[in-house]
Amino acid sequence: MEGKGIDVIIRRPVVAKFLLYLRDHENSYIAEATKSLGICYSTLYYIYPELVEMGLVKARKDGRAVRVRLTRKGRSVAKRLHELDLLLEGVVHENKGER
C-alpha cells in the first residue's frame with residue numbers, strides 16, 4: 001500500500017468502504033462488492049492483494065472469480081472503522097443542528 005496505518009485509509013478511502021462491506025458480507029466475491037459499492041472492478045482487484053499482504057483479508061480463487069473475507073485482524077479494523085463512522089455521523093448531525 002502507499003502508506004502505513006491510517007494513511008492507507010486517508011489515501012484510499014475505498015479501502016475503508018471495502019473493509020466495512022466485508023464486515024457485513026463475509027466471504028464475498030470481489031465482483032459482488034464492486035457492484036454493491038459502485039466501485040470499478042479493477043480498483044478492488046488491484047487493492048485486495050495489498051490487503052492480503054497486510055493481513056486484513058484472505059482471498060481464494062473460485063474459478064476465475066476471487067472470494068475475499070476478513071481475517072481476525074481485518075474484523076478488528078473493520079469494527080473500529082464502523083465505530084469511527086458512527087462517531088463522525090453523530091458529529092455531522094450535531095453540527096447541522098447548531099446552524
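Residue numbering note: each chain is counted from 1, following its sequence as written. In keeping with the predicted nature of the model, local features appear solely for residues at pLDDT of at least 70, side-chain atom pairs appear and are counted solely at 80 or more, and the whole-chain, interface and lining totals rest on all residues. Side-chain descriptors were evaluated using all non-hydrogen atoms of the structure, hydrogens and water having been removed beforehand.

(A) Structural view of the pairing of strand β2 (residues 57-62). With six bridges joining them, β2 and strand β3 (residues 65-70) adopt antiparallel strand pairing. The partner of Lys58 across the bridge, within β3, is Arg69. Following DSSP output, two strands are said to pair if at least two bridges run between them. Think of it this way: any DSSP run of H or I at least four residues long counts as a helix, any run of E at least two long counts as a strand, and we number them from the N terminus. As consecutive antiparallel partners, β2 and β3 are separated by two residues, and within that stretch Gly63 has a phi angle of approximately 70 degrees, a positive value.

(B) Local environment of unusual backbone geometry. Notably, Asn27 is not glycine yet its phi reads approximately 60 degrees, a positive angle. You can see Asn27 is positioned in the loop between α2 (13-24) and β1 (28-29).

(C) Fine view of the pattern of salt bridges. Salt bridge, as used here: a side-chain nitrogen of Lys or Arg that lies within 4 Å of a carboxyl oxygen of Asp or Glu. For the structure on display, the rule yields three salt bridges. The partner of Arg23 in a salt bridge is Asp24, with the nearest N and O atoms 3.2 Å apart. Each residue gets one of three labels from its accessible area relative to the maximum for its type: buried under 20%, exposed over 50%, partly exposed in between, using a 1.4 Å probe on protein chains only. Classification of Asp24 as exposed rests on a relative accessible area of 53%. With a shortest N-O distance of 3.4 Å, Asp62 and Arg67 are connected by a salt bridge. By relative accessible area, which is 33% here, Asp62 ends up partly exposed.

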